[in-house]
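The primary structure of each chain is shown beneath.
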Amino acid sequence: MINKTQLKDLAIFNGTPAFNEKLHVGRPNIGNRDRLFERINDLLDRRWLTNNGPYVQELEQRMADMLGVKHCIPMCNGTVALEIAIRAAGLTGEVILPSFTFIATAHALQWQEITPVFCDIEPHTCTINPWRVEAMITPRTTGIIGVHLWGQTCNVEALTEIAQKHNLKLMFDAAHAFGCSHQGEMIGNFGDAEVFSFHGTKFFNTFEGGSVATNNDELAAKIRLMKNFGFAGFENVNYIGTNGKMSEVSAAMGLTGLESLDEFVAVNYRNHKQYQRELRDIPGVKLLTYNEAEKCNYQYIVLEIDQEITEFSRDQLVKILWAENILARRYFYPGCHRMEPYRSYFPHAGLLLPETERLGKRVLVLPTGTAVGIEEISQICQIIRFLVQHSHEVKQKLLYPSDESVLAH
Ligand code: T4K
(Lines give C-alpha, C1' and ligand atoms only; values in the text may rest on other atoms or scores of the structure.)
Protein backbone atom coordinates (compact mmCIF):
# COMPACT_ATOMS: atom_id res chain seq x y z
CA MET A 1 0.00 0.00 0.00
CA ILE A 2 1.28 3.46 -0.90
CA ASN A 3 0.71 5.69 2.11
CA LYS A 4 -0.34 9.14 0.95
CA THR A 5 0.89 11.54 3.64
CA GLN A 6 1.48 14.73 1.68
CA LEU A 7 -0.40 16.50 -1.08
CA LYS A 8 2.42 15.85 -3.51
CA ASP A 9 1.91 12.08 -3.03
CA LEU A 10 -1.41 12.39 -4.83
CA ALA A 11 -1.26 11.38 -8.49
CA ILE A 12 -3.32 14.40 -9.50
CA PHE A 13 -0.43 16.55 -8.18
CA ASN A 14 2.16 14.39 -9.98
CA GLY A 15 2.64 11.70 -7.31
CA THR A 16 2.73 7.99 -8.18
CA PRO A 17 -0.74 6.51 -8.78
CA ALA A 18 -1.89 4.21 -5.96
CA PHE A 19 -2.54 1.41 -8.45
CA ASN A 20 -0.56 0.33 -11.51
CA GLU A 21 -3.62 -1.28 -13.05
CA LYS A 22 -6.95 0.48 -13.41
CA LEU A 23 -9.45 -0.52 -10.73
CA HIS A 24 -12.92 -0.66 -12.33
CA VAL A 25 -16.43 -0.51 -10.97
CA GLY A 26 -18.37 -3.48 -12.32
CA ARG A 27 -15.66 -6.05 -13.00
CA PRO A 28 -17.53 -9.28 -13.70
CA ASN A 29 -17.86 -12.04 -11.12
CA ILE A 30 -16.68 -15.28 -12.72
CA GLY A 31 -17.76 -18.63 -11.29
CA ASN A 32 -16.01 -21.99 -11.64
CA ARG A 33 -14.24 -21.94 -15.03
CA ASP A 34 -13.97 -25.73 -15.30
CA ARG A 35 -17.73 -26.10 -14.86
CA LEU A 36 -18.30 -23.35 -17.44
CA PHE A 37 -16.00 -24.97 -19.99
CA GLU A 38 -17.64 -28.36 -19.38
CA ARG A 39 -21.02 -26.82 -20.10
CA ILE A 40 -19.71 -25.05 -23.21
CA ASN A 41 -18.28 -28.34 -24.48
CA ASP A 42 -21.64 -30.02 -23.87
CA LEU A 43 -23.59 -27.41 -25.77
CA LEU A 44 -21.14 -27.60 -28.66
CA ASP A 45 -21.45 -31.40 -28.71
CA ARG A 46 -25.22 -31.06 -28.65
CA ARG A 47 -25.13 -28.46 -31.45
CA TRP A 48 -27.96 -26.64 -29.76
CA LEU A 49 -26.87 -23.03 -29.43
CA THR A 50 -30.02 -20.98 -28.86
CA ASN A 51 -33.87 -20.99 -29.23
CA ASN A 52 -34.98 -22.19 -25.81
CA GLY A 53 -32.27 -24.84 -25.47
CA PRO A 54 -31.83 -27.15 -22.47
CA TYR A 55 -29.52 -24.78 -20.56
CA VAL A 56 -31.93 -21.87 -20.94
CA GLN A 57 -34.76 -24.06 -19.68
CA GLU A 58 -32.67 -25.29 -16.76
CA LEU A 59 -31.64 -21.73 -15.87
CA GLU A 60 -35.25 -20.58 -15.94
CA GLN A 61 -36.30 -23.39 -13.61
CA ARG A 62 -33.43 -22.78 -11.19
CA MET A 63 -34.06 -19.04 -11.04
CA ALA A 64 -37.80 -19.50 -10.55
CA ASP A 65 -37.13 -21.96 -7.69
CA MET A 66 -34.62 -19.63 -6.10
CA LEU A 67 -36.97 -16.64 -6.23
CA GLY A 68 -40.13 -18.59 -5.44
CA VAL A 69 -41.78 -17.10 -8.53
CA LYS A 70 -43.83 -18.91 -11.20
CA HIS A 71 -41.92 -17.58 -14.22
CA CYS A 72 -38.45 -16.10 -14.62
CA ILE A 73 -38.10 -15.95 -18.40
CA PRO A 74 -34.49 -15.60 -19.63
CA MET A 75 -33.82 -12.89 -22.21
CA CYS A 76 -30.91 -11.58 -24.28
CA ASN A 77 -30.44 -8.49 -22.05
CA GLY A 78 -32.23 -6.37 -19.46
CA THR A 79 -33.21 -3.61 -21.89
CA VAL A 80 -35.03 -5.91 -24.30
CA ALA A 81 -36.58 -7.69 -21.30
CA LEU A 82 -37.95 -4.31 -20.15
CA GLU A 83 -39.23 -3.46 -23.63
CA ILE A 84 -41.01 -6.78 -23.96
CA ALA A 85 -42.50 -6.69 -20.45
CA ILE A 86 -43.75 -3.12 -21.06
CA ARG A 87 -45.35 -4.13 -24.35
CA ALA A 88 -46.83 -7.38 -23.07
CA ALA A 89 -48.34 -5.61 -20.05
CA GLY A 90 -50.07 -3.22 -22.46
CA LEU A 91 -48.49 0.03 -21.29
CA THR A 92 -49.24 3.02 -23.53
CA GLY A 93 -49.61 6.81 -23.16
CA GLU A 94 -47.61 7.89 -20.09
CA VAL A 95 -45.66 5.84 -17.58
CA ILE A 96 -44.21 7.25 -14.36
CA LEU A 97 -40.64 6.29 -13.44
CA PRO A 98 -37.68 7.81 -11.60
CA SER A 99 -35.18 9.93 -13.52
CA PHE A 100 -32.41 8.70 -11.22
CA THR A 101 -31.80 5.42 -13.06
CA PHE A 102 -29.81 4.01 -15.96
CA ILE A 103 -31.03 5.45 -19.25
CA ALA A 104 -32.36 2.05 -20.39
CA THR A 105 -35.40 2.35 -18.09
CA ALA A 106 -36.56 5.48 -19.91
CA HIS A 107 -35.47 4.33 -23.37
CA ALA A 108 -37.46 1.08 -23.06
CA LEU A 109 -40.58 3.26 -22.92
CA GLN A 110 -39.67 5.95 -25.43
CA TRP A 111 -38.53 3.28 -27.92
CA GLN A 112 -42.22 2.28 -28.05
CA GLU A 113 -43.41 5.90 -28.13
CA ILE A 114 -44.66 5.76 -24.56
CA THR A 115 -43.95 9.03 -22.72
CA PRO A 116 -41.69 8.61 -19.68
CA VAL A 117 -42.85 10.91 -16.89
CA PHE A 118 -39.95 11.51 -14.54
CA CYS A 119 -40.64 11.42 -10.84
CA ASP A 120 -38.45 12.36 -7.90
CA ILE A 121 -36.83 9.91 -5.48
CA GLU A 122 -36.74 9.42 -1.73
CA PRO A 123 -33.37 10.67 -0.43
CA HIS A 124 -32.56 7.71 1.83
CA THR A 125 -33.20 4.85 -0.58
CA CYS A 126 -32.74 6.63 -3.94
CA THR A 127 -35.98 4.94 -5.10
CA ILE A 128 -39.12 6.51 -6.56
CA ASN A 129 -41.14 8.62 -4.13
CA PRO A 130 -44.69 7.16 -4.08
CA TRP A 131 -46.23 10.40 -2.80
CA ARG A 132 -44.81 12.26 -5.76
CA VAL A 133 -46.04 9.49 -8.12
CA GLU A 134 -49.64 10.05 -7.16
CA ALA A 135 -49.37 13.75 -8.01
CA MET A 136 -48.14 12.92 -11.53
CA ILE A 137 -50.98 10.65 -12.60
CA THR A 138 -53.00 11.99 -15.56
CA PRO A 139 -55.77 10.44 -17.70
CA ARG A 140 -53.01 9.19 -20.06
CA THR A 141 -51.10 7.33 -17.33
CA THR A 142 -51.17 3.53 -17.73
CA GLY A 143 -48.41 2.41 -15.41
CA ILE A 144 -45.63 2.96 -12.91
CA ILE A 145 -42.11 1.54 -13.14
CA GLY A 146 -40.18 1.57 -9.88
CA VAL A 147 -36.44 0.92 -9.91
CA HIS A 148 -34.84 -1.04 -7.06
CA LEU A 149 -31.73 1.09 -7.34
CA TRP A 150 -28.48 -0.40 -5.97
CA GLY A 151 -30.60 -3.38 -4.83
CA GLN A 152 -32.45 -1.12 -2.38
CA THR A 153 -36.08 -2.01 -2.78
CA CYS A 154 -38.79 0.52 -3.58
CA ASN A 155 -41.66 1.27 -1.23
CA VAL A 156 -43.54 -1.64 -2.83
CA GLU A 157 -46.57 -1.43 -0.53
CA ALA A 158 -47.30 2.25 -1.20
CA LEU A 159 -46.75 1.82 -4.95
CA THR A 160 -49.03 -1.23 -5.05
CA GLU A 161 -51.76 0.68 -3.26
CA ILE A 162 -51.48 3.64 -5.66
CA ALA A 163 -51.46 1.36 -8.72
CA GLN A 164 -54.58 -0.46 -7.50
CA LYS A 165 -56.39 2.74 -6.58
CA HIS A 166 -55.81 4.24 -10.06
CA ASN A 167 -56.07 0.98 -12.00
CA LEU A 168 -52.47 1.20 -13.25
CA LYS A 169 -49.96 -1.51 -14.10
CA LEU A 170 -47.00 -1.70 -11.75
CA MET A 171 -43.61 -2.99 -12.87
CA PHE A 172 -40.15 -2.90 -11.35
CA ASP A 173 -36.81 -2.47 -13.02
CA ALA A 174 -34.93 -4.91 -10.80
CA ALA A 175 -31.70 -4.74 -12.85
CA HIS A 176 -29.68 -4.30 -9.62
CA ALA A 177 -31.76 -6.49 -7.34
CA PHE A 178 -31.21 -10.13 -8.29
CA GLY A 179 -30.87 -12.08 -5.03
CA CYS A 180 -32.43 -9.28 -2.93
CA SER A 181 -35.57 -9.51 -0.83
CA HIS A 182 -38.28 -7.15 0.36
CA GLN A 183 -40.09 -7.91 3.63
CA GLY A 184 -38.64 -11.43 3.43
CA GLU A 185 -39.96 -12.13 -0.07
CA MET A 186 -37.58 -12.37 -3.01
CA ILE A 187 -37.57 -9.58 -5.59
CA GLY A 188 -39.25 -11.04 -8.68
CA ASN A 189 -42.60 -11.48 -6.96
CA PHE A 190 -43.86 -7.90 -6.90
CA GLY A 191 -46.07 -5.87 -9.22
CA ASP A 192 -47.20 -7.26 -12.57
CA ALA A 193 -43.60 -8.10 -13.49
CA GLU A 194 -40.03 -7.43 -12.40
CA VAL A 195 -37.11 -7.22 -14.80
CA PHE A 196 -33.53 -8.30 -14.05
CA SER A 197 -30.31 -7.52 -15.89
CA PHE A 198 -27.57 -10.13 -16.07
CA HIS A 199 -25.09 -7.86 -17.86
CA GLY A 200 -21.39 -8.55 -17.26
CA THR A 201 -21.21 -5.72 -14.70
CA LYS A 202 -24.04 -7.13 -12.58
CA PHE A 203 -23.61 -9.20 -9.43
CA PHE A 204 -24.82 -12.26 -11.34
CA ASN A 205 -24.09 -12.28 -15.06
CA THR A 206 -24.73 -14.28 -18.20
CA PHE A 207 -22.25 -12.15 -20.23
CA GLU A 208 -25.27 -10.27 -21.63
CA GLY A 209 -28.69 -11.24 -20.38
CA GLY A 210 -31.76 -10.48 -18.37
CA SER A 211 -35.10 -11.95 -17.41
CA VAL A 212 -38.71 -11.09 -16.66
CA ALA A 213 -40.13 -12.53 -13.46
CA THR A 214 -43.88 -12.72 -12.97
CA ASN A 215 -46.55 -14.75 -11.21
CA ASN A 216 -49.05 -13.89 -13.94
CA ASP A 217 -49.46 -16.92 -16.29
CA GLU A 218 -51.19 -14.96 -19.02
CA LEU A 219 -48.53 -12.25 -19.06
CA ALA A 220 -45.78 -14.89 -19.05
CA ALA A 221 -47.34 -16.67 -22.05
CA LYS A 222 -47.44 -13.40 -23.97
CA ILE A 223 -43.84 -12.57 -23.08
CA ARG A 224 -42.65 -16.00 -24.21
CA LEU A 225 -44.26 -15.46 -27.61
CA MET A 226 -43.04 -11.88 -27.95
CA LYS A 227 -39.42 -12.77 -27.24
CA ASN A 228 -39.56 -15.29 -30.11
CA PHE A 229 -40.98 -13.05 -32.88
CA GLY A 230 -44.53 -13.93 -31.77
CA PHE A 231 -44.20 -17.51 -33.06
CA ALA A 232 -46.64 -20.06 -31.64
CA GLY A 233 -45.54 -23.18 -33.49
CA PHE A 234 -43.43 -23.30 -36.64
CA GLU A 235 -45.63 -21.32 -39.00
CA ASN A 236 -48.04 -19.46 -36.77
CA VAL A 237 -47.35 -15.94 -35.55
CA ASN A 238 -49.76 -14.50 -32.96
CA TYR A 239 -48.27 -11.14 -32.00
CA ILE A 240 -45.79 -8.62 -33.20
CA GLY A 241 -42.65 -9.89 -31.55
CA THR A 242 -38.92 -9.40 -31.48
CA ASN A 243 -35.83 -11.44 -30.77
CA GLY A 244 -35.32 -11.44 -27.02
CA LYS A 245 -33.94 -14.96 -26.66
CA MET A 246 -31.05 -15.87 -24.41
CA SER A 247 -28.36 -18.06 -25.99
CA GLU A 248 -27.15 -21.36 -24.59
CA VAL A 249 -23.67 -20.04 -23.87
CA SER A 250 -25.17 -17.24 -21.77
CA ALA A 251 -27.32 -19.76 -19.91
CA ALA A 252 -24.20 -21.92 -19.32
CA MET A 253 -22.54 -18.89 -17.72
CA GLY A 254 -25.70 -18.27 -15.69
CA LEU A 255 -25.96 -21.83 -14.40
CA THR A 256 -22.30 -21.72 -13.42
CA GLY A 257 -22.73 -18.32 -11.74
CA LEU A 258 -25.74 -19.54 -9.76
CA GLU A 259 -23.52 -22.23 -8.22
CA SER A 260 -21.21 -19.49 -6.87
CA LEU A 261 -23.87 -16.98 -5.90
CA ASP A 262 -23.35 -17.37 -2.14
CA GLU A 263 -19.64 -16.81 -2.61
CA PHE A 264 -20.27 -13.62 -4.65
CA VAL A 265 -22.55 -12.30 -1.91
CA ALA A 266 -20.02 -13.20 0.80
CA VAL A 267 -17.23 -11.30 -0.99
CA ASN A 268 -19.45 -8.27 -1.63
CA TYR A 269 -20.58 -8.30 2.00
CA ARG A 270 -17.00 -8.53 3.24
CA ASN A 271 -16.02 -5.64 0.95
CA HIS A 272 -18.98 -3.55 2.04
CA LYS A 273 -18.11 -4.07 5.71
CA GLN A 274 -14.51 -3.16 5.02
CA TYR A 275 -15.56 0.09 3.34
CA GLN A 276 -17.95 0.75 6.23
CA ARG A 277 -15.20 0.29 8.82
CA GLU A 278 -12.61 2.31 6.97
CA LEU A 279 -14.85 5.20 5.93
CA ARG A 280 -16.42 5.49 9.39
CA ASP A 281 -16.44 8.98 10.88
CA ILE A 282 -15.08 10.74 7.79
CA PRO A 283 -16.96 14.04 7.82
CA GLY A 284 -18.96 14.75 4.67
CA VAL A 285 -18.62 11.19 3.31
CA LYS A 286 -21.66 8.97 3.73
CA LEU A 287 -21.70 5.32 2.67
CA LEU A 288 -25.04 3.87 1.61
CA THR A 289 -25.91 1.05 4.01
CA TYR A 290 -28.22 -1.87 3.37
CA ASN A 291 -30.94 -3.39 5.52
CA GLU A 292 -29.20 -6.49 6.85
CA ALA A 293 -32.51 -8.07 7.85
CA GLU A 294 -33.18 -8.57 4.12
CA LYS A 295 -31.32 -10.61 1.53
CA CYS A 296 -29.03 -8.35 -0.43
CA ASN A 297 -26.31 -8.71 -3.07
CA TYR A 298 -24.23 -5.76 -1.73
CA GLN A 299 -23.11 -5.06 -5.30
CA TYR A 300 -22.89 -1.28 -5.08
CA ILE A 301 -20.60 0.79 -2.87
CA VAL A 302 -22.32 4.16 -3.05
CA LEU A 303 -20.89 7.31 -1.45
CA GLU A 304 -22.63 10.60 -0.97
CA ILE A 305 -20.31 13.59 -0.75
CA ASP A 306 -21.38 16.70 1.11
CA GLN A 307 -19.28 19.48 -0.37
CA GLU A 308 -20.30 21.88 2.40
CA ILE A 309 -18.10 19.75 4.65
CA THR A 310 -15.47 18.26 2.34
CA GLU A 311 -14.93 21.55 0.45
CA PHE A 312 -13.99 19.63 -2.70
CA SER A 313 -16.91 18.44 -4.84
CA ARG A 314 -17.94 14.91 -5.82
CA ASP A 315 -16.65 15.66 -9.33
CA GLN A 316 -13.27 16.78 -7.99
CA LEU A 317 -13.06 13.65 -5.86
CA VAL A 318 -13.80 11.47 -8.91
CA LYS A 319 -11.03 13.27 -10.83
CA ILE A 320 -8.55 12.71 -7.99
CA LEU A 321 -9.49 9.02 -7.73
CA TRP A 322 -9.17 8.49 -11.50
CA ALA A 323 -5.64 9.89 -11.34
CA GLU A 324 -4.92 7.15 -8.77
CA ASN A 325 -6.35 4.59 -11.25
CA ILE A 326 -9.49 4.15 -9.14
CA LEU A 327 -12.20 4.49 -11.78
CA ALA A 328 -15.10 5.61 -9.56
CA ARG A 329 -18.35 6.21 -11.48
CA ARG A 330 -20.93 8.99 -11.23
CA TYR A 331 -23.97 6.70 -11.61
CA PHE A 332 -26.65 7.99 -12.49
CA TYR A 333 -25.57 11.52 -13.23
CA PRO A 334 -27.05 13.75 -14.60
CA GLY A 335 -30.40 11.90 -14.48
CA CYS A 336 -32.38 10.73 -17.52
CA HIS A 337 -34.24 14.07 -17.71
CA ARG A 338 -30.94 15.80 -18.51
CA MET A 339 -30.05 13.42 -21.34
CA GLU A 340 -31.37 13.51 -24.90
CA PRO A 341 -34.01 13.25 -26.14
CA TYR A 342 -35.65 13.89 -22.77
CA ARG A 343 -33.72 17.12 -22.09
CA SER A 344 -35.25 18.63 -25.24
CA TYR A 345 -38.69 17.08 -24.74
CA PHE A 346 -39.01 18.18 -21.09
CA PRO A 347 -36.64 21.11 -20.54
CA HIS A 348 -38.23 22.05 -17.21
CA ALA A 349 -38.49 18.52 -15.75
CA GLY A 350 -35.73 19.29 -13.25
CA LEU A 351 -37.99 21.72 -11.41
CA LEU A 352 -40.01 18.79 -10.11
CA LEU A 353 -36.95 16.67 -9.28
CA PRO A 354 -35.09 18.41 -6.44
CA GLU A 355 -33.78 15.21 -4.80
CA THR A 356 -32.69 13.77 -8.14
CA GLU A 357 -30.81 16.97 -8.95
CA ARG A 358 -29.24 17.09 -5.47
CA LEU A 359 -28.17 13.44 -5.28
CA GLY A 360 -27.05 13.35 -8.91
CA LYS A 361 -24.33 15.84 -7.99
CA ARG A 362 -23.30 14.10 -4.76
CA VAL A 363 -23.20 10.37 -5.46
CA LEU A 364 -20.35 8.19 -6.69
CA VAL A 365 -19.82 4.44 -6.92
CA LEU A 366 -16.60 2.66 -5.90
CA PRO A 367 -15.16 -0.69 -7.04
CA THR A 368 -16.18 -3.94 -5.37
CA GLY A 369 -16.87 -7.57 -6.35
CA THR A 370 -14.60 -10.57 -6.54
CA ALA A 371 -11.97 -8.62 -8.52
CA VAL A 372 -11.32 -6.30 -5.56
CA GLY A 373 -9.35 -7.28 -2.44
CA ILE A 374 -9.45 -5.82 1.05
CA GLU A 375 -5.98 -4.24 0.70
CA GLU A 376 -7.18 -2.35 -2.33
CA ILE A 377 -10.22 -1.17 -0.39
CA SER A 378 -7.97 0.00 2.45
CA GLN A 379 -5.88 1.96 -0.02
CA ILE A 380 -8.96 3.62 -1.55
CA CYS A 381 -10.32 4.53 1.90
CA GLN A 382 -6.93 5.83 3.06
CA ILE A 383 -6.86 8.22 0.10
CA ILE A 384 -10.39 9.46 0.78
CA ARG A 385 -9.62 9.96 4.49
CA PHE A 386 -6.41 11.82 3.64
CA LEU A 387 -8.30 14.05 1.19
CA VAL A 388 -10.93 15.00 3.74
CA GLN A 389 -8.30 15.59 6.43
CA HIS A 390 -6.58 18.03 4.06
CA SER A 391 -9.69 19.24 2.31
CA HIS A 392 -8.84 22.93 2.45
CA GLU A 393 -5.35 22.52 0.97
CA VAL A 394 -6.69 20.06 -1.63
CA LYS A 395 -9.32 22.56 -2.70
CA GLN A 396 -6.73 25.35 -2.87
CA LYS A 397 -4.34 23.26 -4.88
CA LEU A 398 -7.06 22.24 -7.32
CA LEU A 399 -7.91 25.91 -7.77
CA TYR A 400 -4.31 27.15 -8.01
CA PRO A 401 -2.24 24.23 -9.32
CA SER A 402 0.99 26.22 -9.61
CA ASP A 403 1.00 27.38 -5.97
CA GLU A 404 3.98 25.36 -4.65
CA SER A 405 3.49 26.55 -1.06
CA VAL A 406 0.31 24.43 -0.76
CA LEU A 407 2.19 21.28 -1.75
CA ALA A 408 4.38 21.49 1.30
CA HIS A 409 1.36 20.63 3.50
N1 T4K B 1 -31.99 -0.79 -15.75
C2 T4K B 1 -30.99 -0.44 -14.92
C3 T4K B 1 -31.34 0.22 -13.62
C4 T4K B 1 -29.66 -0.71 -15.25
O5 T4K B 1 -28.66 -0.35 -14.42
C6 T4K B 1 -29.39 -1.36 -16.49
C7 T4K B 1 -28.02 -1.61 -16.87
C8 T4K B 1 -30.47 -1.71 -17.31
C9 T4K B 1 -31.77 -1.41 -16.90
C10 T4K B 1 -30.28 -2.38 -18.63
O11 T4K B 1 -29.79 -3.69 -18.51
P12 T4K B 1 -28.88 -4.32 -19.71
O13 T4K B 1 -29.61 -4.11 -21.01
O14 T4K B 1 -27.53 -3.63 -19.66
O15 T4K B 1 -28.80 -5.78 -19.34
C16 T4K B 1 -23.12 -0.38 -17.43
C17 T4K B 1 -23.80 -1.59 -18.03
O18 T4K B 1 -23.54 -1.68 -19.42
C19 T4K B 1 -25.28 -1.62 -17.82
O20 T4K B 1 -25.67 -2.97 -17.98
C21 T4K B 1 -25.65 -1.20 -16.41
N22 T4K B 1 -27.05 -1.10 -16.22
C23 T4K B 1 -25.01 0.15 -16.09
C24 T4K B 1 -25.32 0.57 -14.70
O25 T4K B 1 -23.62 0.02 -16.20
P26 T4K B 1 -21.75 1.55 -18.50
O27 T4K B 1 -22.01 2.47 -19.61
O28 T4K B 1 -21.37 2.14 -17.20
O29 T4K B 1 -20.76 0.39 -18.95
P30 T4K B 1 -19.17 0.37 -19.03
O31 T4K B 1 -18.81 -0.25 -20.33
O32 T4K B 1 -18.62 1.71 -18.70
O33 T4K B 1 -18.77 -0.68 -17.91
C34 T4K B 1 -18.84 -0.38 -16.55
C35 T4K B 1 -17.56 -0.80 -15.86
O36 T4K B 1 -17.43 -2.19 -15.84
C37 T4K B 1 -16.30 -0.26 -16.48
O38 T4K B 1 -15.55 0.36 -15.45
C39 T4K B 1 -15.56 -1.45 -17.03
C40 T4K B 1 -16.15 -2.63 -16.31
N41 T4K B 1 -16.33 -3.81 -17.16
C42 T4K B 1 -17.35 -3.81 -18.05
C43 T4K B 1 -17.57 -4.90 -18.85
C44 T4K B 1 -18.70 -4.90 -19.85
C45 T4K B 1 -15.48 -4.88 -17.04
O46 T4K B 1 -14.55 -4.85 -16.23
N47 T4K B 1 -15.69 -5.99 -17.82
C48 T4K B 1 -16.71 -6.05 -18.72
O49 T4K B 1 -16.89 -7.08 -19.39
O50 T4K B 1 -23.08 0.70 -18.33
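This report concerns the structure included in the present document. Everything numeric in this text was worked out from a predicted model, so none of it was measured. (Residues numbered from 1 in each chain as written. Predicted model: local features only at pLDDT ≥ 70, side-chain atom pairs only at ≥ 80, totals over all residues. Heavy atoms only, no water.)

This paragraph deals with the packing of aromatic side chains. Summed over the entire model, instances satisfying the criterion amount to 18 aromatic pairs. Each ring, one from F100 and one from W150, has its centre 6.5 Å from the other, and the planes form 80°; the classification is edge-to-face. Here F100 is found in the loop between β3 (94–98) and α4 (103–110), whereas its partner W150 is found in the loop between β5 (141–147) and α6 (156–165), with 50 residues between them in sequence. Residue classification places F100 among the buried positions, given a relative accessible area of 1%. We classify W150 as buried; its relative accessible area is 0%. Centre to centre, the rings of Y345 and F346 are 6.0 Å apart; their planes meet at 80°, and the pair counts as edge-to-face. (Phe/Tyr/Trp six-rings, centres within 6.5 Å; stacked < 30°, edge-to-face > 60°. Helix = DSSP H or I, 4+ residues; strand = E, 2+ residues; numbered from the N terminus. Buried < 20%, exposed > 50% of the residue type's maximum accessible area, 1.4 Å probe, protein only.)

Now for the site of the ligand. The immediate surroundings of the ligand are formed by 23 residues, with T79, D173, H176, S197 and Y331 found nearest. One of the backbone nitrogen or oxygen atoms of G26 is found 3.3 Å away from an oxygen atom of the ligand. In this structure, an oxygen atom belonging to the ligand sits 2.6 Å away from a side-chain N or O atom of T79. Surface burial for the ligand is 76%, taken as the share of its 930 Å² of free accessible area covered by protein chains. The set of elements that each furnish at least two residues to the shell around the ligand consists of α3 (78–88) and α4. Taken together, the residues of the shell around the ligand sort by class into 7 nonpolar, 12 polar and 4 charged. Per-domain counts for the shell around the ligand show at least three residues from each of domain 1 (7–23 + 261–407) and domain 2 (33–259). (Near = heavy atom within 4 Å. Polar contact = N/O pair within 3.5 Å; in protein donor to acceptor, adjacent residues only side chain to side chain. Areas by Shrake-Rupley, 256 points an atom, 1.4 Å probe, with all protein chains shown as cover. Nonpolar A, V, L, I, M, F, W, Y, C, P; charged D, E, K, R; others polar. Domains from an automatic or database assignment.)

So, about the environment of N129. Tracing the backbone through its elements, the reader meets N129 in the loop between β4 (115–119) and α5 (130–136). Distance in space between the C-alpha atoms of N129 and I144 is 11 Å, their sequence separation being 15 residues. In contact with N129, not counting residues within four places along its chain, are C119, D120, I121 and E122. (Contact = heavy atoms within 4.5 Å.)

Turning next to the pairing of β3. In terms of burial, β3 is largely enclosed, as 5 of its 5 residues are buried. Burial along β3 is two-sided: the face carrying E94, I96 and P98 and the face carrying V95 and L97 are both buried. This β-α-β element, β3 to α4 to β4, shows right-handed connectivity. Here β3 pairs with β5 via 3 bridges, running parallel. Within the sheet, the bridge partner assigned to E94 lies in β5 and is T141. (Right-handed = clockwise from strand over helix to strand, strands pointing away. Pairing = 2+ DSSP bridges.)

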